[in-house]
There are 2 protein chains.
Amino acid sequence: MERPHSLYFRYQGHGQLVAKPAAYVALTPGERLLNRIRATVFGRPLSTEEEIGERLSKKKALAIFSSDAISSSAYATEEILRVLVLAGASALLLSVEVAIAIALLLTVVSVSYRQVCRAYPGGGGAYVVARTNLAPIFGLIAAAALLIDYVMTVAVSTASAIAQIQSVVPAVYDIRIEIAFVSISLITIANLRGLRESGNIFAVPTYLFVGLALAIVAIGAIRIIGGTAAPMAAEPDAVSFGTEGLGVLLLLKAFAGGSVALTGVEAIANGVPAFKPPESRNAANTMTAMAVLLGILFIGLTVFAVQFGLRPTLAGGPSIVALAARTAFGDGSALFVTFAASTALILFLAANTSFNAFPRLAAILAEDGYMPRQFSFRGDRLAYSWGIVLLAGVAFLLLAAFGGDTHALIPLYSVGVFVTFTLSQVGMVRHWWNERSAGWRWRMAVNAGGAVLTAIVLLVVVSEKFVDGAYLVVILVPTLVAMMLFIKHQYTRSNRELAVAPDLVVRAPHREQRVVVPIPGLTRAVVQAINVGRTISDDIRAVYISDDPVSAADVRTTFERQVPGVTLVVVESPYRALSGPLLAYLELLDAAWPPDKREPITFVVIPEYVARSWWERILYNQASKRLRRVLLGRPHTVLVNVPYRREDPALFESALGAEHADQ
Amino acid sequence: MERPHSLYFRYQGHGQLVAKPAAYVALTPGERLLNRIRATVFGRPLSTEEEIGERLSKKKALAIFSSDAISSSAYATEEILRVLVLAGASALLLSVEVAIAIALLLTVVSVSYRQVCRAYPGGGGAYVVARTNLAPIFGLIAAAALLIDYVMTVAVSTASAIAQIQSVVPAVYDIRIEIAFVSISLITIANLRGLRESGNIFAVPTYLFVGLALAIVAIGAIRIIGGTAAPMAAEPDAVSFGTEGLGVLLLLKAFAGGSVALTGVEAIANGVPAFKPPESRNAANTMTAMAVLLGILFIGLTVFAVQFGLRPTLAGGPSIVALAARTAFGDGSALFVTFAASTALILFLAANTSFNAFPRLAAILAEDGYMPRQFSFRGDRLAYSWGIVLLAGVAFLLLAAFGGDTHALIPLYSVGVFVTFTLSQVGMVRHWWNERSAGWRWRMAVNAGGAVLTAIVLLVVVSEKFVDGAYLVVILVPTLVAMMLFIKHQYTRSNRELAVAPDLVVRAPHREQRVVVPIPGLTRAVVQAINVGRTISDDIRAVYISDDPVSAADVRTTFERQVPGVTLVVVESPYRALSGPLLAYLELLDAAWPPDKREPITFVVIPEYVARSWWERILYNQASKRLRRVLLGRPHTVLVNVPYRREDPALFESALGAEHADQ
């Protein structure tokens, strides 16, 4: 084809084109402006081929996918201490054992997810594992639990980051919802800019936190080894020791509390395709790196806390990690302040993990037909825009509804995490059993152990927290699963209905055409519509529907004089409605068709005035909108919209046959 | 045409049909259900011919159009007393003179509006008078002031009815917004049922109030004449006498306060066409009846209050009319209780006057092009549904925004009323001057006097209440006027652009057609769309746009095997968007057209899956919606929507040429 248009396309052969960037800007001026704004805020559009360039190096992936898991080291130790302190000072010493037990669980879970990364390079984590190895319904349960968890993570971590700031600047309380809005918006924009850029933006604070937290652990280790570690004086607002007996139940509770450290661990397994090739190996190694880092930080901080006799404080007092930082770096030192700031930042960024994992999971679900298709579309920057925006919206609404205090949601959150873990472990057990590749026995043993452990934690969490909010899981998960099944059912049904038998060959049709043009009077838009109708068929009728016999007579006179050769039917509508009488008239036409002839296609040609702004949409075309809705449901009927644009009355003027009477 | 279809139409000649009721029910099952519900709530549809049967007798019209004006007798006296009490006990005696002055003003205004009724039988009141006799802009100012006033009337009268109930049942305070919602909804439904029915519903309470109030006045008169009228003991919470000097300013203030009695007087002149014939005379006589009733009640109650020494009470105490009723009927008597209830009811019903006047005025404005056209459409029951719903919505939002306390709005309200009065009186002066029919001199004198009086009251009200809220008029009225001028400008421009020159004769077109079918793969909906396209032109191309080269190759293979004879163009879209590349492809087609031939019409045929519920609208057709929006703006391009309905894949199956391959 022509030269000038190689501007838009590259030719790959007959009937085979590839669009160039220029093909995407041939839109209206308004949209061009929008595109420019979008390019400034979100960056220039990326082609699908560029996807590989957007992939994450292990270093960036660690920052993006681990901020949730690693940030939990900022509070997991405290969760254990808060339980054990109920049984007195000596019970606190047991927290190291509890932490080690949780670290073991972490090892099992992360080894299991390493295997998931390798076995399911397409991503999807627990959903894909459970769907493939158990049954689709278990996949959906895992997916529902994960989706809920991701929303929670955003809400809960944003709320706790704000609480962190608030403990330093109490005035923040009054604008906490505004801060939440701004921080969620920033994360949303960063994620809409795409994976690599959000990696760039978020890597620094994550590594800063990790570095400083490791420094605390190291300083602690040196002082413990050097024998200079001594219990600090208790804080003035330290929680006083309780006198509860130190039984199995309390230990289990401490274990359940500390296992919050495991939240976010599954994110990498969901996002394997985001890694640079070799995707599976890189993801698995990143998984290990994350687990090792998290394990060191968690056990290290716990040992530090025990050795230096740190005790949790009453609400509003400094957190355990803040006390640890003060002990290690000195009160008010620059490092201490930097660490405090980076703790707040990484809590904000924990939300970012969800912003990567949620849209990916939604996209995988959409591809499987369990979510609306839009969730699998990638935006200009290759990000799953629908998922990102949905997550941001729901999380912000949740925060706003709970007035910025999302503590009530935390039980719900832990339940979701362990439902997913258990399902994925059980799925992996089945996987090894089916596969029986080299080393399947010990792999299966690891997963089976993990499944038992996580199931126990799940039971503990559920029984401890059922009335506190965990019961919501019993409502929310089935609701989400039912919605997904419903969507799947819809798509399955429509796909079946729309399927074309593979042996069907479509021949050219031989069907009569008939044109009906509903008109509101005689305007240029009407003339244009009638002329378009005439190019379709000579069997054409204009239908004027009115409740006013006088105007009807006027229209007839004008029409018959100015548009000779087209039949005008006037329908008087005493009840004023348009669509009813038009449908009835179409019925009449059908009945009048000779019964021996094949029923024709009726083209209803609707003149339309192109609205270019919201107020024009209110002022014009109300009737044609309604006609459209009613007629779209009619058999053998096709709708033709003939737009009339005022800048450009071309269809009317140039060639469609409107000529001055030759007088 | 055929017999069976005389079910739908009556034949009036060739190409001339009249729809029967049956023509209005041939809709979808969902709409049929909706219609049935609507018929139950709002009544069966009424034909335009039945309009005359819906007209109001004078008795019903008095109830509908006067509830606002007459209800003001429940508080106008009190407004005067509250001002005069500031100047001590003796000043209260002057309230009779003030009331008489206001009654004189009422006489002038009502005589003037009688003349408006006769001169402008089409209704529209101050708007039409000012537009016709002064200039369109003055008409719009009057209209804007009236529209604002009607909204206020609904909000303010509902709020004061609730306050009336609240003084008996304090617990009502907590659910005042809910009560407002219920009462406004009931009035809305009654009005959507149509004029006559709302007259039936609302006549009883109005006449009950009028009868009982007249009885109070009569009992008072008998006792005054019989000499048994003696000042009652002051209420415990009576306002104490002030010591201000009794100057002109205070009297003017009392006058301005009492002139609230005149609100709602113009409603009849707006609604002349709602009367039974002879419309003008009936309206004028109803006007007089209303003015006489209002005058008697107002002066009577004022005299009663003065003679029996009634004094206004502090906020929350009984109102003057309540005190009068107690004095006349005895405390706790059945008549007293009935009167108290009917006072609350008529305050609610004052809103009903607005529900008749606002939609009529909006319809007249819409016919003149100053409001969106929808406002001039009559619903099933011949009511102007859009205006009714808009009024209810705005008034309720206002009430909710002000937490049910709309006192702050009252100044705004009086200003609007007197702006309208002044403009209509001035307009009538001009009318008589132009007309100079018999008796024009004294008629003009009456209106001129009225104009001067109402202008003075306007000035007093504005200067007294400017800071209290009357300044809002200076913002709201110009804003509304600007909106109306903007709408007029839009309609004028589009009418000019769409106008067909009267000497233009439209000839049949001779234009080539070209068909482009964007397809998402090969489905039955696509096959159907392609076959419809084939009936339009043989120059047809299917365009498959995808970012995935693999699926593209699949589609090509399938398509070429199953739909022979139709060119398939595959456009690879690396940036994933659909609409940009499609538009670019259409450009390419245009450029490839032989330059010596007339440019063809491009029919873009869009396969569509008919959504029948809100969730289907989310699940399907997102892409086609966007394509529609983008393509509607393209020159020489026509959009064809081919709906695929799953219950009835008729276009596909029956005849469009889809046949099994003959193997």
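Quick notes on the rules
- Residues numbered from 1 in each chain as written.
- Chains lettered and ligands numbered in written order.
- Predicted model: local features only at pLDDT ≥ 70, side-chain atom pairs only at ≥ 80, totals over all residues.
- Helix = DSSP H or I, 4+ residues; strand = E, 2+ residues; numbered from the N terminus.
- Rg over C-alpha atoms; globule rule 2.2 N^0.38 Å.
- Contact = placed C-beta atoms within 7 Å.
- Core = buried A, V, L, I, M, F, W, Y, C linked by C-beta atoms within 7 Å.
- Buried ≥ 20, exposed ≤ 12 C-beta atoms within 10 Å, placed from the backbone.
- Axes fitted to C-alpha atoms, helices over the stretch in contact; angles between N-to-C directions.
- Parallel < 35°, antiparallel > 145°, perpendicular 65-115°, else oblique.
- Left-handed = near helix turned anticlockwise from the far one by under 90°.
- Nonpolar A, V, L, I, M, F, W, Y, C, P; charged D, E, K, R; others polar.
- pLDDT = per-residue confidence, 0-100.
- Domains from an automatic or database assignment.
- Pairing = 2+ DSSP bridges.
- Right-handed = clockwise from strand over helix to strand, strands pointing away.

Visitor: Teacher, can you tell me more about the overall build of chain A here?
Guide: In terms of regular secondary structure, chain A is built from 24 helices and nine strands. Against the 2.2 N^0.38 benchmark of 26 Å for 663 residues, chain A shows a C-alpha radius of gyration of 33 Å, more extended than a compact globule. Projected onto its principal axes, the C-alpha positions of chain A cover 115 × 60 × 55 Å. Sequence-distant contacts, at least 24 apart, represent 79% of the contacts inside chain A between residues at least 6 apart.

Visitor: Got a minute to help me understand the nonpolar core in this structure?
Guide: Buried together is how nonpolar side chains tend to be arranged in soluble globular proteins. The biggest cluster of nonpolar side chains holds 428 residues, and the ones touching the most others in it are Ala142, Ala324 and Val640 of chain A together with Ala324 and Val640 of chain B. Counting residues per element, this core draws most heavily on helix α8 (residues 136-166) of chain B, at 21 residues. Not counting residues within four places of it along the chain, the set of residues in contact with Ala324 of chain B comprises Ile216, Leu301, Phe304, Ala305 and Leu310 of chain B.

Visitor: I keep staring at the environment of Arg10 of chain A and nothing clicks. Help me out?
Guide: Residue and element names in this part refer to chain A. Position of Arg10 relative to the elements: it lies in strand β1 (residues 9-13). Each C-alpha atom of the pair Arg10 and Pro121 lies 33 Å from the other, and the pair is 111 residues apart in sequence. Other than its neighbours up to four places away in sequence, Arg10 contacts Leu17, Val18 and Lys20.

Visitor: Would you mind going over the packing of helix α14 (residues 320-329) of chain B against helix α15 (residues 334-367) of chain B with me for this structure?
Guide: Two quantities define a packed helix pair, namely the angle between the helix axes and the distance between the axes. All names here are of chain B. The geometry of α14 relative to α15 is characterised by a closest axis approach of 9 Å and an angle of 160° between their N-to-C directions. By the angle class used here, α14 and α15 are roughly antiparallel. Crossing geometry of α14 relative to α15 is assigned as right-handed. In this structure, α14 uses Val321, Ala322, Ala325, Arg326 and Phe329 to contact α15, whose residues at the interface are Leu335, Phe336, Phe339, Ala340 and Thr343.

Visitor: Before we go on, may I ask you to explain the packing of α8 of chain B against helix α16 (residues 385-401) of chain B in this structure?
Guide: All names here are of chain B. Where α8 contacts α16, the axes come no closer than 9 Å and their chain directions differ by 50°. On the basis of the axis angle, α8 is oblique to α16. Between α8 and α16 the crossing geometry is right-handed. Of the residues in α16, those touching α8 at Tyr150, Val151, Val154, Ala155, Thr158 and Ala159 are Leu391, Val394, Ala395, Leu398 and Leu399. Split by residue class, the contact of α8 with α16 holds ten nonpolar, one polar and no charged.

Visitor: Looking at this structure, I do not really get the confidence of the model for chain A. What am I missing?
Guide: Regions with low pLDDT should not have their predicted coordinates read in detail. On average, chain A scores 82 in pLDDT, and the residues at 70 or more come to 92%. Least confident of the elements in chain A is strand β9 (residues 658-660) of chain A, whose mean pLDDT is 41; most confident is helix α13 (residues 279-307) of chain A, at 92.

Visitor: Explanation requested: helix α4 (residues 76-84) of chain A in the structure shown.
Guide: Along an α-helix, residues three or four apart share an orientation, since each turn contains 3.6 residues. All names here are of chain A. Counting buried positions along α4 gives eight out of nine residues, so the element sits mostly inside the fold. Along α4, the residues classified as buried are Ala76, Thr77, Glu78, Glu79, Ile80, Leu81, Val83 and Leu84. Each element contacted by the buried residues of α4 is listed here: α5 (89-92), α6 (95-119), α11 (248-258), α13 and α14 (320-329).

Visitor: Even after reading the chapter, I still don't get the domain arrangement of chain A, so can you show me in this structure?
Guide: Frequently, the measure chosen for interface size is the accessible area that the parts lose on association. Partitioning chain A into domains gives domain 1 (4-38), domain 2 (43-493) and domain 3 (513-655). Once you take the C-alpha centre of each, domain 1 of chain A and domain 2 of chain A turn out to be 42 Å apart.

Visitor: Is there a simple way to explain unusual backbone geometry in this structure?
Guide: Most peptide bonds are trans, and most residues other than glycine sit at a negative phi. Looking along the chain, the bond that leaves Pro277 of chain A and enters Pro278 of chain A is cis, with omega of -5°. Mapped onto the secondary structure, Pro278 of chain A falls in the loop between α12 (267-270) and α13. Here the phi dihedral of His636 of chain B falls at roughly 60°; this positive angle occurs in a residue that is not glycine. Secondary-structure assignment places His636 of chain B in the loop between α23 (622-631) and β8 (637-644).

Visitor: It is not clear to me how helix α7 (residues 125-133) of chain A should be interpreted in this structure. Could you clarify?
Guide: Where burial is concerned, most of α7 of chain A is hidden: eight out of the nine residues are buried. Within the sequence span of α7 of chain A, burial applies to Gly125, Ala126, Tyr127, Val128, Val129, Ala130, Arg131 and Asn133 of chain A.

Visitor: Is there a simple way to explain the pairing of strand β6 (residues 567-572) of chain B in this structure?
Guide: Taken residue by residue, a regular strand's side chains alternate between the two faces of the sheet. When strand β2 (residues 16-19) of chain A meets β6 of chain B, the two strands line up parallel, connected through three bridges. Looking at β6 of chain B, one finds that Gln16 of chain A is bridged to Val570 of chain B. Looking at chain direction, strand β5 (residues 540-546) of chain B and β6 of chain B are connected through six bridges and run parallel. In the strand pairing of β6 of chain B, Val543 of chain B is matched with Val569 of chain B. Crossover connection from β5 of chain B via helix α20 (residues 549-562) of chain B to parallel β6 of chain B: handedness right-handed.

Visitor: Honestly, the environment of Pro21 of chain B in this entry has me stumped. Any pointers?
Guide: Mapping Pro21 of chain B onto the fold places it in the loop between β2 (16-19) and α1 (29-42). In this structure, the C-alpha to C-alpha distance between Pro21 of chain B and Ser160 of chain B, residues 139 residues apart in sequence, is 43 Å.

Visitor: Would you mind showing me how to read the pairing of β2 of chain B here?
Guide: Residues and elements named next belong to chain B. Side chains of β2 alternate between two faces, with Leu17 and Ala19 buried and Gln16 and Val18 left unburied. Relative to β2, strand β1 (residues 9-13) is paired through four bridges, and the arrangement is antiparallel. Note that in β2 the partner of Arg10 across the bridge is Val18. In sequence, β1 turns back onto β2 through a hairpin of two residues, with Gly15 there showing a positive phi of about 65°.

Visitor: Mind showing me how you'd approach the environment of Pro509 of chain B here?
Guide: Take Pro509 of chain B: it is sitting in the loop between β3 (504-506) and β4 (513-519). Measuring from C-alpha to C-alpha, the distance between Pro509 of chain B and Ala163 of chain B comes to 69 Å, with 346 residues separating the pair along the chain.

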